[in-house]
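# Commentary on secondary and tertiary structure
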Amino acid sequence: MKVAIVGASGAVGQEFLRVLDERHFPVDELVLFGSPRSAGSHYVFQGKDCEVCLLQHNDDFKDIDIAFTSAGAGTSKEFAETITRYGAVMIDNSSAFRMDEDVPLVVPECNAEDALNRPRGIIANPNCTTIMMVVCLQPLEQLSHIKRIHVASYQSASGAGAAAMAELEQQYREILDGQPVTVKKFPHQLAYNVIPQIDVFQDNGYTKEEMKMFNETRKIMHSDVRCSAMCVRVSSLRAHSESVWVETERPISVEEAQQAFANAPGVTLHDDPTQLIYPMPLETAGKDNIFVGRVRKDLANDCGLTFWLSGDQIRKGAALNAVQIAEYLIKVGKVKG
């Protein structure tokens, strides 16, 4: 298996290296690609030195089986034909192709089979907040169809990349030192603050991030569900959290929901309020699963249920989900064709 990572020097690219190594992914040869700024950098993978090659329109992808791309939507659109020309499967972490009808949008716990129908050779990795939410919605959907979702996200600096994480740390140092606060990666100072905006505003007053949750959830779950989201940037460093309210066709008891979460792949039930046990970013960072707690009946809706989740945005919200897609293709023997 010859594998490529495009955008190897970024936060998600670096996580790809860790996840592939930790999961003993069958890599015979690993090729790293990057921009002119990162080309020439060196990283160690499974004891071998790997140099980042400059991403170009040439035949570098001729023998590649799987290409994990995480270099931004513009780069993905520009190089998609170059990457897939000779049959490589492009698993793309950007927003470039997510809503294209001929590109599957896949979360393996929900719709792994969709990855088999990829006429353009591209599989899209969903938005991080959507991935984390649908992994937890799927076991509830199997109990009763979900009609409506209301969700408030609490998204860490990691969602804006490695430079944003560094800026948050820098802001705290500057505040403590009495220095002017650097604000470049966020619309406002994030340290000691929350920002009720992630991505740009749309004409309907929702942000692009919030509309991703509406549209992507429907595509992944093959559902008519309607999702109203409020996405908020918070000053945690890594791992996102979400408060989720769902309305199902029939009432689901707390006990039913907890049992479904406990048995669901990719989910860990962490729910004992009497012992102050519930998921928090400090504990879920670096973990593979999405952690769920605070499972309750919705007091405002007889068919409603509410819960809290937290998970690592860079792992399951990005690199891990993409690697799991590739693992599924290998398992069913459908990497080529």
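The following paragraphs examine the structure supplied in this document.

Conventions used here
Residues numbered from 1 in each chain as written. Predicted model: local features only at pLDDT ≥ 70, side-chain atom pairs only at ≥ 80, totals over all residues. Heavy atoms only, no water. Buried < 20%, exposed > 50% of the residue type's maximum accessible area, 1.4 Å probe, protein only. Helix = DSSP H or I, 4+ residues; strand = E, 2+ residues; numbered from the N terminus. Pairing = 2+ DSSP bridges. Axes fitted to C-alpha atoms, helices over the stretch in contact; angles between N-to-C directions. Contact = heavy atoms within 4.5 Å. Salt bridge = Lys/Arg side-chain N within 4 Å of Asp/Glu carboxyl O. Parallel < 35°, antiparallel > 145°, perpendicular 65-115°, else oblique. Left-handed = near helix turned anticlockwise from the far one by under 90°. Nonpolar A, V, L, I, M, F, W, Y, C, P; charged D, E, K, R; others polar. Core = buried A, V, L, I, M, F, W, Y, C linked by side-chain atoms within 4.5 Å. Expected span 1.5 Å × (residues − 1). Bend = angle between axes of the 7 residues up to and from the residue. Phe/Tyr/Trp six-rings, centres within 6.5 Å; stacked < 30°, edge-to-face > 60°. Lys NZ or Arg CZ within 6 Å of the ring centre and 35° of its normal.

### Considering the pairing of strand β3 (residues 42–45)
- Taking every second residue as pointing to the same face, the buried face of β3 carries Y43 and F45, while none of H42 and V44 on the other face is buried.
- Sheet topology note: the β3/strand β4 (residues 48–54) ladder contains four bridges and is antiparallel. If you follow F45 over to β4, its bridge partner there is K48.

### Examining the sheet that holds strand β6 (residues 89–92)
- Taking strand neighbours across the sheet as the criterion, the seven strands line up as β3-β4-β2-β1-β5-β6-β7 in an open arrangement whose pairing is mixed. At either margin of the open sheet sits one strand with a lone partner, and together these are β3 and β7 (122–124). The sheet shows a mean angle of 25° between the axes of neighbouring strands, direction not considered.
- Sheet topology note: the strand β1 (residues 2–6)/strand β5 (residues 66–69) ladder contains four bridges and is parallel. Paired with V3 across the strands is I66, a residue of β5.
- Sheet strands touched by helix α1 (residues 11–22): β1, β2 (29–34), β3 and β5. Its angle to β3, the strand with the most contacts, is close to 20°.

### Brief notes about the pattern of salt bridges
- Taken as a whole and judged by the stated rule, the model has 19 salt bridges.
- Residues K2 and E29 are paired through a salt bridge, measuring 3.8 Å at the closest nitrogen-oxygen approach. Of this pair, K2 sits in strand β1 while E29 sits in strand β2, and the two are 27 residues apart along the sequence.
- Note that K316 is salt-bridged to E109, the shortest N-O span being 2.9 Å. Of this pair, K316 sits in helix α9 (residues 315–331) while E109 is found in helix α3 (residues 108–111), placing the two residues 207 residues apart along the sequence.

### Looking at the packing of α1 against α9
- Where α1 meets α9, the closest approach of the two axes is 9 Å, and the angle between their N-to-C directions is 50°. When the axes of α1 and α9 are compared, the pair comes out oblique. You can see that α1 and α9 cross each other, and the crossing is right-handed. Here V12, E15, F16, V19, L20 and E22 of α1 come into contact with α9, specifically with R315, A318, A319, L320, A322 and V323.
- By residue class, the composition of the contact of α1 with α9 is nine nonpolar, no polar and three charged.

### Details of the side chain of K2
- Residue classification places K2 among the buried positions, given a relative accessible area of 18%.
- Among residues more than four places away in sequence, those in contact with K2 are E29, V31, D63, I64, D65 and I66.

### Regarding unusual backbone geometry
- Positive phi, close to 50°, is recorded for H222, a residue that is not glycine.
- Structurally, H222 can be placed in the loop between α6 (208–221) and β9 (226–233).
- By relative accessible area, which is 58% here, H222 ends up exposed.
- The backbone phi angle of A239 is positive, close to 90°, even though this residue is not glycine.
- Checked against the element boundaries, A239 lands in the loop between β9 and β10 (240–248).
- On the accessibility criterion, A239 (0% relative accessible area) is buried.

### Notes on the nonpolar core
- Ranked by internal contacts, the top residues of the largest apolar core, which has 54 residues, are F61, L137, I149, V244, V246, F261 and F307.
- The greatest single-element share of this core, amounting to eight residues, is contributed by helix α4 (residues 128–141).
- Setting aside anything within four residues of it in sequence, one finds F261 in contact with C136, P139, L140, V267, L269, V292, V295 and F307.
- Among the nonpolar cores identified, the runner-up in size contains 44 residues, and V12, V19, L190 and A318 belong to it.

### Observations concerning α9
- Compared with an ideal rise of 1.5 Å per residue, which puts 17 residues at 24 Å, α9 spans 21 Å between its outermost C-alpha atoms and falls more than 12% short.
- At N321, α9 is deflected by roughly 40°, the largest bend along its length.
- For α9, the buried fraction is high: 14 of the 17 residues fall into the buried class.

### Here's the deal with the packing of aromatic side chains
- Under the defined criterion, the tally for this structure stands at six aromatic pairs.
- For the ring pair Y154 and W308, a centre distance of 5.2 Å and an interplane angle of 55° mean the geometry is tilted. Linking Y154 in strand β8 (residues 146–155) with W308 in strand β13 (residues 304–311), this pair joins segments that are 154 residues apart in sequence.
- Three or more aromatic residues joined by ring pairs form one cluster here, namely F16, F25 and F68.
- Over the ring of Y86 we find K62, and its NZ or CZ is 5.7 Å from the ring centre.

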